Amino acid sequence: MNEDINIHSWPCSYYLDTNKQWVSGRLLLTPVAIKFTADKTGELLVNFHLSSISEIKKESSNLIFSSLTILEKNTKHWFSSLQPSRNVVFNILEHFWREQLLSSQGAAGAEAAALQTTKGKELTGLLTGSQKRLEDTAKVLHYQGEQFDNIMRGLNKIEGDMDVADRLLTELESPSWWPFSSKLWKAPLEAKPKETATVSDSKNQEGIIIRIPVIITHRTDSNVKPGKLTLFTSGLEISDCNAQVIHRFESKDVDDIKVHTPYEISVRQRFIGKPDTSYRLLSAKMPEAIPVLEMQFSKKIQFLEDALGFVSARKSPQVDLGTSIWQAATGLLGGVVQPSSPAGGREGMDNDQVQLQKHEKVSQEEAKELKQILQKLKSLALETEAELERQDEALDSITTSVDRATLNIDKQNRRMKKLT
């Protein structure tokens, strides 16, 4: 991810302690840092990492009203005249700061071992990401299969209703009291073969694909509050910090999703005769949710200019992902099973080359973990293939049932017109 991308910027004033004066400019937020640039000179007056922040507060005094203070190490930075409001800027900065702290805490333990990262760990990370993506795809595919099953149940009900209509129309065409009724000479109708639907026995409970904290903007830029975005297989849900649902979009209700930046999206549902329902969502974890949204709403999602770089950066490694993973797995696992020892040990090899050779090796524990992940990937791939074959059969059954139902409806319509 490009660390120089501007997530958001606000016009404001910064108190320059050296000159004892306020300087107008723009406050910039990037994925990892906060910057302030002066309007007149274009000089970068403030530039510090989010992880170095100790505190973000809303303060005021006799001379400074509606100000925002950021304590960075031992330096206190003052920002005032924030637009659209101090609360909006505070909520967004606090959100990204907290997420950066959480990710930093998770990575703090691994920071010392980062210098000793082996190829096995890198490969494990790649395979784990592939496994998560395949699991998300399997969830969406499973929900799609349930929809096919519901369609088949509806078509079977239609066929049952058409049988009832056929019997009633037959009685109307030849009532029992009519002396020339043809019912006496009619042979009993043969039972129509029905295609049984393949109904899954899975529970109707929908699973949560991903849930991330977000900053919610509704209609105006001043109406900003923290909340959560939850992605289900059937749609998405926006809730506040108290888990109260603000709005739920079913998949069919979403008209378009615009990706403004890798960290900001907007979801809209159009209406005729009344305002559209639209929410703008900003989150430090949004890059994790965008691939799921792209998979669920492939025909409705639109990447704007600032987000195109994120798409190309995310998709370019995927081109060689399959070959790189399997080539690396073959080579590295082969090195563990059949380690090759140097013939005589090259003299004069420097320490950097020795360390590089160590990092290229895969330990037995890493090889075992890689084997387990590969087995899971194989199992998921086989289950996905079986589900796709089942859905292909269900689609054939649906097509046949729809054609048969259409013919029956046309036939009953013609019979009803004759009665009138």
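Placed above this text is the structure.
The paragraphs below set out a description of the structure included in this document.

This paragraph deals with the overall build of the protein chain. Helix and strand content of the protein chain: seven helices and 15 strands. Counting the 420 residues in the protein chain, one finds 37% classified as buried. In the protein chain, the proportion of contacts linking residues at least 24 apart, taken out of those at least 6 apart, comes to 55%. Carbon together with sulfur atoms contributes 53% to the accessible area of the protein chain, which is approximately 26,000 Å² in total.

This paragraph deals with the pattern of salt bridges. A complete count under the given rule lists 15 salt bridges for this structure. A salt bridge links Glu237 to Arg248, with the shortest nitrogen-to-oxygen separation between them at 3.3 Å. One end of the pair, Glu237, is in strand β10 (residues 235–240); the other, Arg248, is in strand β11 (residues 245–250), and 11 residues separate them in sequence. The class of Glu237 is buried, set by a relative accessible area of 15%. A residue is classified by how much of its surface remains accessible, and Arg248, at 25% relative accessible area, is partly exposed. Here Asp256 and Arg268 are joined by a salt bridge, their closest N and O atoms 2.7 Å apart. Here Asp256 is found in strand β12 (residues 256–261), whereas its partner Arg268 is found in strand β13 (residues 264–269), with 12 residues between them in sequence. Asp256 gets classed as buried once you look at its relative accessible area, which sits at 9%. Among the charged side chains, a network of salt bridges with common partners joins Asp256, Arg268, Arg270 and Asp276.

Here we come to the side chain of Asp256. At 2.7 Å, the side chain of Asp256 and the side chain of Arg268 are in polar contact. Within the local environment of Asp256, its side chain forms a polar contact with the side chain of Arg270, the two groups lying 3.2 Å apart. Among all residues touching Asp256, those that are not within four sequence positions of it are Ser266, Val267, Arg268, Arg270 and Lys300.

Here the focus is the sheet that holds strand β15 (residues 301–303). One open sheet accounts for eight strands, arranged β11-β10-β9-β8-β14-β13-β12-β15; its pairing is mixed. Whereas interior strands pair on both sides, the edge strands pair on one side only; in this sheet they are β11 and β15. Averaged over all pairs of adjacent strands, the angle between their axes in this sheet comes to 30 degrees, without regard to strand direction. With five bridges connecting them, strand β9 (residues 224–232) and β10 associate as antiparallel partners. Its bridge partner being in β10, Leu231 is matched across the sheet by Leu236. Running over the sheet, helix α3 (residues 286–296) touches β8 (208–218), β9, β10, β12, β13, β14 (277–282) and β15 and is turned about 110 degrees from β8.

Moving on, we come to the packing of aromatic side chains. Under the defined criterion, the tally for this structure stands at six aromatic pairs. Their ring planes at 40 degrees and their centres at 5.2 Å tell us that Tyr14 and Phe79 sit as a pair that is tilted. Taken together, the positions of Tyr14 in strand β1 (residues 8–16) and Phe79 in strand β7 (residues 75–80) put the pair 65 residues apart, joining distant regions of the chain. Like Phe79, Tyr14 is buried. Ring centres of Phe96 and Tyr263 lie 6.0 Å apart, and the angle between their planes is 65 degrees; on these two criteria the pair is classed as edge-to-face. With Phe96 in helix α1 (residues 86–114) and Tyr263 in the loop between β12 and β13, the pair connects residues that are 167 residues apart, well separated along the chain. For the pair Phe96 and Tyr263, one class covers both residues: buried. The structure contains a cluster of three or more aromatic residues connected by ring pairs, namely Tyr14, Phe36 and Phe79.

So, how was this worked out
Residues numbered from 1 in each chain as written. Predicted model: local features only at pLDDT ≥ 70, side-chain atom pairs only at ≥ 80, totals over all residues. Heavy atoms only, no water. Helix = DSSP H or I, 4+ residues; strand = E, 2+ residues; numbered from the N terminus. Buried < 20%, exposed > 50% of the residue type's maximum accessible area, 1.4 Å probe, protein only. Contact = heavy atoms within 4.5 Å. Areas by Shrake-Rupley, 256 points an atom, 1.4 Å probe, with all protein chains shown as cover. Salt bridge = Lys/Arg side-chain N within 4 Å of Asp/Glu carboxyl O. Polar contact = N/O pair within 3.5 Å; in protein donor to acceptor, adjacent residues only side chain to side chain. Pairing = 2+ DSSP bridges. Axes fitted to C-alpha atoms, helices over the stretch in contact; angles between N-to-C directions. Phe/Tyr/Trp six-rings, centres within 6.5 Å; stacked < 30°, edge-to-face > 60°.

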